[in-house]
Amino acid sequence: MPTVEVTFTPLPAHVRTARLVATAVARRSGVDESLLDEVRLAVGEACSRAVEAHRTHCPRTPIRVALTDDSERFEVVVTDAAPAEEMPAELASSSVAPEPVPLEGGGVVHQLPPGVGLAVISGLADDVRISPAGDGTSVAMSWKRRAE
Amino acid sequence: MDLKLGHYNKDGIEVVDVEGEIDVYTAPRLRELLIDLVNKKSYQLVVNMERVEFLDSTGLGVLVGGLKRVRAHDGSLDLVCTQERILKIFRITGLTKVFGIHDSVDDAIAARKAEK
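Anyway, here's the lowdown on the structure attached to this text. Bear in mind the structure is a predicted one, so any value in this text is a computation, not a measurement. (Residues numbered from 1 in each chain as written. Chains lettered and ligands numbered in written order. Predicted model: local features only at pLDDT ≥ 70, side-chain atom pairs only at ≥ 80, totals over all residues. Heavy atoms only, no water.)

## A closer look at the environment of Leu118(A)
Mapped onto the elements, Leu118(A) comes out in helix α3 (residues 116-124). Residues Leu118(A) and Val139(A), 21 residues apart in the sequence, show an inter-C-alpha distance of 8.8 Å. (Helix = DSSP H or I, 4+ residues; strand = E, 2+ residues; numbered from the N terminus.)

Right, here's the structure in full:
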């Protein structure tokens, strides 16, 4: 059972709240202070990705964030209910940074290519698992806790 | 903290001061400012991120979008940032190779002038 569970409607404004809660619980759970920025950024990336997906597919369905500290690790699982989109296979299993964003060609890019958020998470968390969860996807990430 | 934006011209280069958090909620405001500056023919930009407390991939996307816009006019978009926690996301994504990242606004302007 999660130590703390948060559900929020898929609005960008709530992502900050989720980040703040995750950082506060991580601190209380004994995650080293030097890692809290990484927790904050990784959880923010996972929630931003979920919000974008929900706004496209299911804007009335809440996003779930479960934070657990009942083992040697502090784990955060962000679960969405939007149909999974294609993601680079390598991101699902390892820490891989994307190639630098190409700037040639025309058009207007407002966001980085899909998968960058997941690549950032992979670069920040000690352990990342991305798996199907019901109709959607769950992104599980964890960090080591200090010995009590 | 929310996002505060300001801008001023120095030596012919438009300096954008950013303070606060750049995320999925606030990034659209930065994007609008960058678009507005380009529409007003400011193609030499320096974005001062020294007072940015948080930056995620949405914010990176806005900066990349801004860079593409100014480059379409042979312009430039340089960054000022010395904060390790912000620089880390540029390194993870490989964007340190895409942006000129400087220690101060004066350094960024001097580097830009030197390239001309």
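## Considering the environment of Leu55(B)
By the secondary structure assignment, Leu55(B) is in strand β3 (residues 44-55). For Leu55(B), the residues in contact, after removing those within four places along its chain, are Leu41(A), Ile22(B), Met49(B), Leu60(B), Ile86(B), Ile89(B) and Phe90(B). (Contact = heavy atoms within 4.5 Å.)

## Describing the packing of helix α2 (residues 36-57) of chain A against helix α3 (residues 84-92) of chain B
Taken N-terminus to C-terminus, the directions of α2(A) and α3(B) make an angle of 50°; their axes are 11 Å apart at the nearest point. Overall, the two elements α2(A) and α3(B) adopt an arrangement that is oblique. Judged by the sense of rotation from one axis to the other, the crossing of α2(A) with α3(B) is right-handed. Across the interface between the two elements, Asp37(A), Glu38(A), Arg40(A), Leu41(A) and Glu45(A) from α2(A) touch Arg85(B), Lys88(B) and Ile89(B) from α3(B). Considering only residue class, the contact of α2(A) with α3(B) consists of two nonpolar, no polar and six charged. (Axes fitted to C-alpha atoms, helices over the stretch in contact; angles between N-to-C directions. Parallel < 35°, antiparallel > 145°, perpendicular 65-115°, else oblique. Left-handed = near helix turned anticlockwise from the far one by under 90°. Nonpolar A, V, L, I, M, F, W, Y, C, P; charged D, E, K, R; others polar.)

## Let's talk about the pattern of salt bridges
Applying the stated rule across the entire model yields 21 salt bridges over all chains. The salt bridge partner of Arg19(A) is Asp23(B), with a shortest N-O separation of 2.9 Å. Taken together, the residues span two chains, with Arg19(A) in helix α1 (residues 12-28) and Asp23(B) in the loop between β2 (13-22) and α1 (27-39). Assessed through its relative accessible area of 1%, Arg19(A) is described here as buried. Under the relative-accessibility criterion, Asp23(B) is labelled buried at 2%. Between Asp37(A) and Arg40(A) there is a salt bridge, with the nearest N and O atoms lying 3.9 Å from each other. Separated by three residues within a single helix, Asp37(A) and Arg40(A) lie in helix α2, roughly one turn from each other. (Salt bridge = Lys/Arg side-chain N within 4 Å of Asp/Glu carboxyl O. Buried < 20%, exposed > 50% of the residue type's maximum accessible area, 1.4 Å probe, protein only.)

## Examining the side chain of His102(B)
Residue and element names in this part refer to chain B. You can see histidine 102 is positioned in strand β5 (residues 100-102). For histidine 102, a relative accessible area of 16% puts it in the buried group. The residues touching histidine 102, leaving out its near neighbours within four places in the chain, are Asp78, Leu79, Val80, Cys81, Asp107, Ala108 and Ala111.

## A few points about the side chain of Glu21(B)
If you trace the backbone, Glu21(B) turns up in strand β2. A relative accessible area of 4% means that Glu21(B) is categorised as buried. A polar atom in the side chain of Glu21(B) sits 2.8 Å from the side chain of Arg19(A). (Polar contact = N/O pair within 3.5 Å; in protein donor to acceptor, adjacent residues only side chain to side chain.)

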